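What the coordinates show
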Amino acid sequence: MSRLIDELKKDHVAIEEMLNRVKDTSITNKEAHRLLLTAQSTLLAHLRKEDAQLYPVLNKAAQTDQGLKRTVDFYAKDMEEISGNAVAFFKKYSPDDAVIDIEFAKALGRLFATISRRLRSEENTLYSAYDKLQH
C-alpha cells in the first residue's frame, strides 16, 4: 500500500471515530460541538489531500482507460452530493448555540451512514485503483 493510501485510510478512521464519539449521549453539547468542528476540518483536509494527490493520478490514467474514467467520474459526482450534505450539516450543527436534539441525532445518523459507506467504497475502488497504478 502506498504512503498516500495509508494516510487517507488513517484519515477515514479518524473521521469515523470523531463522528461516532459525537453520537455518544454522555458527552456535553460543548464537547459535541468541538468534535464536530474537528471532524469538519479533518474531512476538509482529507478532501484537499485527495484532490491534490489522488485524483490527478487517477484522472491521468483515466484518459486512456474508459472503465477507470467512468469510475472516477461517478465518484466525483457522488462526492459533490455528499459534500453538499456534509457542509449543510456542519453549518447547522457546529455553532456553539446549535441545538443537539433528536433532529440532530437523525441528521448525524444519516451523515455518518453516508460518509461511512463512501469511505469503504473509496477504499475498495479508488484506492485500490491508485495503488495498482503506483506499482
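Below or above, wherever it landed, is the structure these notes cover. The model shown is predicted, which means the values in this text are computed figures rather than measured ones. (Residues numbered from 1 in each chain as written. Predicted model: local features only at pLDDT ≥ 70, side-chain atom pairs only at ≥ 80, totals over all residues. Heavy atoms only, no water.)

1. Here we look at the overall build of the chain
Helices and strands together make up the secondary structure of the chain, namely four helices and zero strands. Starting at the N terminus, the α and β elements of the chain follow one another as α-α-α-α. The principal-axis extents of the C-alpha atoms in the chain amount to approximately 50 × 25 × 20 Å. Looking at the chain as a whole, 40% of its 135 residues are labelled buried. Put simply, the chain shows about 7900 Å² of open surface, and 54% of that area lies on carbon and sulfur atoms. (Helix = DSSP H or I, 4+ residues; strand = E, 2+ residues; numbered from the N terminus. Buried < 20%, exposed > 50% of the residue type's maximum accessible area, 1.4 Å probe, protein only. Areas by Shrake-Rupley, 256 points an atom, 1.4 Å probe, with all protein chains shown as cover.)

2. Topic: helix H4 (residues 102–134)
The terminal C-alpha atoms of H4, which comprises 33 residues, lie 46 Å apart, in line with the 48 Å expected from a rise of 1.5 Å per residue. Of all the bends found along H4, the most pronounced is centred on Glu-122 and spans about 40°. Among the residues of H4, the N-terminal cap falls to Asp-101, whose side-chain oxygen and the backbone nitrogen of Glu-103 are separated by 3.1 Å. (Expected span 1.5 Å × (residues − 1). Bend = angle between axes of the 7 residues up to and from the residue. Polar contact = N/O pair within 3.5 Å; in protein donor to acceptor, adjacent residues only side chain to side chain.)

3. A word on the side chain of Asp-131
Mapped onto the fold, Asp-131 is located in helix H4. For the buried residue Asp-131, which engages in no salt bridge, the nearest side chain bearing the opposite charge is Lys-9, 6.0 Å off. Within polar-contact distance, the side chain of Asp-131 engages the side chain of Ser-2 at 3.0 Å. Other than its neighbours up to four places away in sequence, Asp-131 contacts Met-1, Ser-2 and Ile-5. (Lys, Arg positive; Asp, Glu negative; His and termini not counted. Salt bridge = Lys/Arg side-chain N within 4 Å of Asp/Glu carboxyl O. Contact = heavy atoms within 4.5 Å.)

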